[in-house]
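Listed here are the chains, written in short residue letters.
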Protein chains: 2
Amino acid sequence: MNAPSYGQRTARLLQLLRTSTETDCDAAWIIKPENRRYLSGFTAEDTQLTESSGALLISDNDRWLVTDSRYTLAAESEAPSFSVYTVKKNFVEDIPDFTHHLSFSHLGFEEDYLTWDLHRKTAEKLAELSPPVTLTPLKGMVDHMREIKEVWEIEALEKAADMISKILDEVIGDLKPGVTEKNVAWQIECLAREAGAEGLSFPSIVASGPNSALPHAVPSNRKIQPREPIILDVGVRLNGYCSDITRTVFLGEPDDAFKNIYRTVLHAQRSALGQINPSVQSTLVDAIARNIIADAGFGAYFGHGLGHGVGLATHEGPRLGPGKAIQLQIGNVFTVEPGIYLPGKGGVRLEEMVVLEAEGPRILTKNGQFYDF
Amino acid sequence: MNAPSYGQRTARLLQLLRTSTETDCDAAWIIKPENRRYLSGFTAEDTQLTESSGALLISDNDRWLVTDSRYTLAAESEAPSFSVYTVKKNFVEDIPDFTHHLSFSHLGFEEDYLTWDLHRKTAEKLAELSPPVTLTPLKGMVDHMREIKEVWEIEALEKAADMISKILDEVIGDLKPGVTEKNVAWQIECLAREAGAEGLSFPSIVASGPNSALPHAVPSNRKIQPREPIILDVGVRLNGYCSDITRTVFLGEPDDAFKNIYRTVLHAQRSALGQINPSVQSTLVDAIARNIIADAGFGAYFGHGLGHGVGLATHEGPRLGPGKAIQLQIGNVFTVEPGIYLPGKGGVRLEEMVVLEAEGPRILTKNGQFYDF
């Protein structure tokens, strides 16, 4: 696996800044951890929203990574294509000190990550500079760049998908009536660490019986029982990249109602996968699955979108849902995960992670735990 | 342990809204997960910043918990003092639908959590209402409420502190040269789960040798060695409440330089603890520790604040640092954690979590792993 070229990525960002018709900036201020890592290689997370581990400032003449003393050494070692500036107080207070290095007037910011308060404080400080600098939303520019994966990123995502697929095989093989949802979730976490993952890409969902009707159930002390649906929605993070897979399993044969629901969800998923290609709109793919579920009489019980992009974040673009139409593109990596949820009774969800190639979608999650009801 | 009275908390918030001279709102829009839980009992986390699990709307006549279908059942069961509204599309798009229930004109928002983009979209929708509603920053009102802990919260924090103190005893007892930092971090996580914690309150720091010079080191594959400093900065989350403790240990006797550093940090910490009382300013407490470290010749090597509040979040108010002076108050729970970090060589940090009572600080972290160098 080759390393990414951070120089190429920042060059591409600068080209987008110059040519964008959506936003008018000559520099970018990057604080979202995934975008920061994508452009620089700096891996630190933010411990809390108000506790940034660093900011990139990128313009034609600038490649600055502004951080604090906790992270200086890590920043210098991980992001050699950037000059590391260590703040004396904090990002906002230090603006007058480090901006005399800079050469831009319209600074783009990440409008879906920057808080209202930090925007206000930063805008005030930048306005006091001579000449003043103004803040302008980047309109998701870096997030959009990340939606088209490079070859080595697809390899990284496939490794993460492989790992969770194998873990899920082992976990499903071990499932027995009487173990709690929490037990199963903990087994998944232990196997992920033993396999060398950095951790889970999100808190595992292990939802049995009526709990499986909650799409975002938190593992409980409920003991799993025979013949009821058990949803396992899990993923690992490996070298920064996330994976995401869902299987619904039964210990012993379910009743006809759940067999029908399972068949419907599987049919909806396979039909949607069959229609994905590099010229299709996201809304059409969503509609294929949604119509099959509605035609089977479960239209009211599929309340979420069909899928989401996966990369350095578990949930990113492109989003596949009934709302905004997006043109799918070669290099997109996303999930296809229809579900049917009957309140009080239970639910079924099936999720694959795919990469869109010229020939169509290639499934990255290789786990054969399906029923032929 | 009694349960909290969510009714009393919302009543107090409304009283603060009416009497505040800092902000002028007649309602509060709460989306920060800790604040949401504090006021309602709804425990769901946000999976990502752009993926809220719900919002509270609180005014004299309103107690709404606005969520989506993934969380409706959990919201109804956990937050019975609120009326649950399930959005059809999302919070912003649904504003015209649920606001005809409402009766306020100045809606307060959490300026350090709300993103610039969501503020803009929400403000636009609220302005279209008749009569229009405007958005006003809450200026940390709920965060400030959380800084003074109720008796049962102090009990919850003490239980979380007890648990991590015991875990740390076991982990330090097991430490041997040759185990990796990652091994130790994983042992801590396993012990936390076995003890019944919801999880860690933050990713454990296990930093040995030169890594201990990085205040926010990530556990690596480095094998720990005799006579070098090993910083363990760890915490668990129990019933929503966090704990946070740091010990620095040596396997075998360190050299005189590190003995001196250790002595200095311990003296700085004990001196600061000795001066804490309900009438002292945070900056004075910080200065006591900072001056001792500076007088010993290490002033340039203590780059962070002395401590921070702990509660539903690991890092919250009050902050003890050299910057803004805060009057400490009875019921504050916070850390006292001076450190000295020599780049390339190593560091020492010692951290206790204390509650401020009328008689002074009471240490909640009961772990005796100290050296008498």
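Keep in mind that what you see is a predicted model, and the values were worked out from it rather than measured. (Residues numbered from 1 in each chain as written. Chains lettered and ligands numbered in written order. Predicted model: local features only at pLDDT ≥ 70, side-chain atom pairs only at ≥ 80, totals over all residues. Heavy atoms only, no water.)

A few points about the domain arrangement of chain A
By convention, interface size is frequently given as the accessible area that disappears when the constituent parts associate. Residue and element names in this part refer to chain A. Looking at the assigned domains, one finds that chain A contains domain 1 (6-146) and domain 2 (148-363). Using only C-alpha atoms to locate each centre, domain 1 and domain 2 end up separated by 34 Å. Contacts between the two partners involve eight residues from domain 1 and, on the opposite side, 12 residues from domain 2. When residues of domain 1 are sorted by the area they lose upon contact with domain 2, Arg9, Arg37 and Arg146 head the list and together hold 60% of the total. Taken together, the connections running from domain 1 to domain 2 amount to four salt bridges. (Domains from an automatic or database assignment. Contact = heavy atoms within 4.5 Å. Buried area = accessible area lost by both parts, 1.4 Å probe. Salt bridge = Lys/Arg side-chain N within 4 Å of Asp/Glu carboxyl O.)

A few points about the interface of chain B and chain A
In this complex, chain B contributes 31 residues to the contact, which on the side of chain A involves 31 residues. Here chain B meets chain A over a buried area of about 2900 Å², counting both sides, of which 63% is carbon and sulfur. Taken as a group, Trp116(B), Trp186(B) and His216(B) account for 23% of the area that chain B buries against chain A, more than any other trio of residues on that side. One can count four salt bridges joining chain B with chain A. Residue Arg193(A) is joined to Glu189(B) by a salt bridge in which the shortest nitrogen-to-oxygen separation is 3.0 Å. On inspection of chain B and its partner chain A, the count reaches 12 residue pairs in polar contact (both at pLDDT 80 or more). Contributions of two or more residues to the side of chain B that touches chain A are made by α5 (116-127) and α8 (181-194) of chain B. Ranked by residues supplied to the side of chain B that touches chain A, first place goes to α8(B) with four residues. Grouping the amino acids of the side of chain B that touches chain A by side-chain chemistry returns 13 nonpolar, 10 polar and eight charged. (Polar contact = N/O pair within 3.5 Å; in protein donor to acceptor, adjacent residues only side chain to side chain. Helix = DSSP H or I, 4+ residues; strand = E, 2+ residues; numbered from the N terminus. Nonpolar A, V, L, I, M, F, W, Y, C, P; charged D, E, K, R; others polar.)

A few points about unusual backbone geometry
Cis peptide bonds are those with omega within 30 degrees of zero, and the linkage from Ser130(B) to Pro131(B) qualifies with 0°. Mapped onto the secondary structure, Pro131(B) falls in the loop between α5 and β6 (134-137). Note that the residue after Gly317(B), namely Pro318(B), is joined by a cis bond; omega there is -5°. Within the fold, Pro318(B) resides in strand β14 (residues 316-320). Although it is not a glycine, Asn239(A) sits at a positive phi angle of roughly 50°.

A word on helix α8 (residues 181-194) of chain A
With 14 residues, α8(A) should cover 20 Å at 1.5 Å per step; its first-to-last C-alpha distance of 20 Å lies within 8% of that length. In this structure, the buried side of α8(A) is in contact with α7 (151-174), β7 (199-200), β8 (205-208), β9 (230-234) and β10 (236-238) of chain A together with α8 of chain B. (Expected span 1.5 Å × (residues − 1).)

Topic: the pairing of strand β15 (residues 333-336) of chain B
Residue and element names in this part refer to chain B. Across the two faces of β15 the burial is the same, with Val333 and Thr335 and Phe334 and Val336 all buried. Pairing between β15 and strand β18 (residues 352-357): four bridges, direction antiparallel. Note on β18: the bridge partner recorded for Thr335 is Met353. (Buried < 20%, exposed > 50% of the residue type's maximum accessible area, 1.4 Å probe, protein only. Pairing = 2+ DSSP bridges.)

Considerations on the sheet that holds strand β11 (residues 241-242) of chain A
Residues and elements named next belong to chain A. The three strands lie next to each other as β7-β10-β11, forming an open sheet whose pairing is antiparallel. Looking at the sheet topology across the chains shown, the edges are occupied by β7 and β11. Of the strand pairs in this sheet, β10 and β11 are connected by two bridges, and their pairing is antiparallel. Note on β11: the bridge partner recorded for Arg237 is Cys242.

Brief notes about helix α9 (residues 256-275) of chain A
With 20 residues, α9(A) should reach 28 Å at 1.5 Å per residue; the first-to-last C-alpha distance of 29 Å fits that figure. Buried within α9(A) are the following residues: Phe258(A), Lys259(A), Ile261(A), Tyr262(A), Thr264(A), Val265(A), Leu266(A), Ala268(A), Gln269(A), Ser271(A), Ala272(A) and Leu273(A).

A few points about the side chain of Glu316(B)
All names here are of chain B. Its location among the elements puts Glu316 in strand β14. Polar side-chain contacts of Glu316 include one of 2.6 Å to the side chain of Lys149. There is a polar contact of 3.2 Å between the side chain of Glu316 and the backbone nitrogen of Ala313. Discounting residues that sit within four places of it in the chain, Glu316 has contacts with Arg146, Lys149, His308, Gly309, Val310 and Gly311.

Points about the sheet that holds strand β12 (residues 245-249) of chain A
Residue and element names in this part refer to chain A. The strand order across the open sheet formed by three strands is β8-β9-β12, and the pairing between neighbours is antiparallel. Each having just a single partner strand, β8 and β12 make up the two edges of the open sheet. The average angle at which neighbouring strand axes cross in this sheet is 10°, direction not considered. Summarising the sheet, β9 and β12 pair through five bridges and their orientation is antiparallel. Its bridge partner lying in β12, Asp233 is registered against Thr246. Of the strands in this sheet, β9 and β12 are in contact with α7, which crosses β12 at around 20°. (Axes fitted to C-alpha atoms, helices over the stretch in contact; angles between N-to-C directions.)

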